[in-house]
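Structural overview
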Amino acid sequence: MIVSLIILGALLGVGSLCYAHHRLTGGDKEDSESPATPAEANSCDDTEPQVCCGQHLVCEKTSLLVDETAQPEYFDDEELDEFRGRDAMTYTAAEADRFRDVLLTLNPDEIPAWARSIQQRGIALPPDVRDELIMLISEQRSAR
């Protein structure tokens, strides 16, 4: 019986130390960030239309969604219009490189606007280029 109490006391002591360490070091970032509510997702800075403040988990995916009836802005990429309506999974490596070339020649401030333009024009990005685009936008937001 005494051995059981010693083991229980040791477990409680180690558990308490782990909990205290977790609280003092800030714990996991996932635990400290709560998902954004729809009200928070819409509370982004209105000075830059359609650009999210980057402080909410929801913004990463939804901030690039735009009104497709608005006139798209072109970035010397009119040649990409030939891919309008095409399935993203059917691109060849050379065609994906054409998208990547345009993406990598843009100024960092132009990247979100280019993504909206591509959506407005009905062009699906190749999956790897889309992933690079999301990564670049995420890096840009975290740098702010």
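Everything here concerns the structure above.
Here's the deal with the packing of aromatic side chains
This structure, assessed with the given rule, holds three aromatic pairs. For the ring pair Phe83 and Phe99, a centre distance of 5.1 Å and an interplane angle of 40° mean the geometry is tilted. Residue Phe83 is located in the loop between helix 4 (59-62) and helix 5 (93-105), and its partner Phe99 is located in helix 5; the two are separated by 16 residues in the primary sequence. Under the relative-accessibility criterion, Phe83 is labelled buried at 1%.

Things to note about helix 6 (residues 111-120)
Most of helix 6 sits out of view: nine of its ten residues are buried. Taken as a whole, helix 6 has its buried residues at Ile111, Pro112, Ala113, Trp114, Ala115, Arg116, Ser117, Ile118 and Gln120. Against helix 5 and helix 7 (127-143) lie the buried residues of helix 6. Looking one or two residues beyond helix 6, the residue adopting positive phi is Gly122, at roughly 75°.

What to know about the packing of helix 5 against helix 7
The contact between helix 5 and helix 7 brings their axes to 9 Å, and the two run at 15°. Judged by the angle between their axes, helix 5 and helix 7 are roughly parallel. Every pair of crossing elements has a handedness; the one defined by helix 5 and helix 7 is right-handed. Seen from helix 5, the contacting residues are Ala96, Phe99, Arg100 and Leu103; seen from helix 7, they are Asp128, Val129, Glu132, Leu133 and Leu136. Residues belonging to the contact of helix 5 with helix 7 are distributed by class as follows: six nonpolar, no polar and three charged.

A word on the nonpolar core
Formed by 20 residues in total, the largest nonpolar core has its most connected members in Leu80, Phe99, Leu103, Trp114, Ile123, Leu125 and Leu133. Of all the secondary structure elements, the ones that give two or more residues to this core are helix 5, helix 6 and helix 7. If one sorts the elements of this core by residue count, helix 6 sits on top with five residues. Apart from the residues lying within four places of it in its own chain, the contact partners of Leu125 are Ala88, Tyr91, Phe99, Trp114, Ile118, Arg130 and Leu133.

Quick notes on the rules
- Going along each chain's sequence as written, the residues are numbered from 1 onward.
- pLDDT decides what is reported in this predicted model: residues at 70 or higher carry local features, side-chain atom pairs at 80 or more are listed and counted, and totals for whole chains, interfaces and linings draw on all residues regardless.
- As a convention, hydrogens and water are excluded, and side-chain values are obtained from all of the structure's heavy atoms.
- Stacked, edge-to-face and tilted are the three classes for Phe, Tyr and Trp ring pairs, Trp counted by its six-membered ring, which pair at centre distances within 6.5 Å; planes under 30 degrees apart are stacked, over 60 edge-to-face, the rest tilted.
- Secondary structure follows DSSP: runs of H or I at least 4 residues long count as helices, runs of E at least 2 residues long count as strands, and numbering of each begins at the N terminus.
- Throughout, exposure labels follow a simple rule: accessible area from a 1.4 Å probe, protein chains only, divided by the maximum for the residue type, with under 20% read as buried, over 50% as exposed, and the rest as partly exposed.
- Every residue pair with non-hydrogen atoms within 4.5 Å of one another is taken to be in contact.
- Structural elements are reduced to axes, namely lines fitted to C-alpha atoms, with helices fitted over the stretch in contact, and the angle between N-to-C directions of any two is expressed from 0 to 180 degrees.
- Roughly parallel means an angle under 35 degrees; roughly antiparallel means over 145; roughly perpendicular covers 65 to 115; every other angle is labelled oblique.
- Crossings are classed by handedness, with left-handed meaning an anticlockwise turn of the near helix from the far one by less than a right angle and right-handed meaning a clockwise turn.
- Basically, the charged four are Asp, Glu, Lys and Arg, the nonpolar ten are Ala, Val, Leu, Ile, Met, Phe, Trp, Tyr, Cys and Pro, and anything else, Gly included, counts as polar.
- Here, the term nonpolar core denotes a set of buried Ala, Val, Leu, Ile, Met, Phe, Trp, Tyr and Cys residues that are joined through side-chain atoms within 4.5 Å.

Read these as spatial facts, not as claims about activity.
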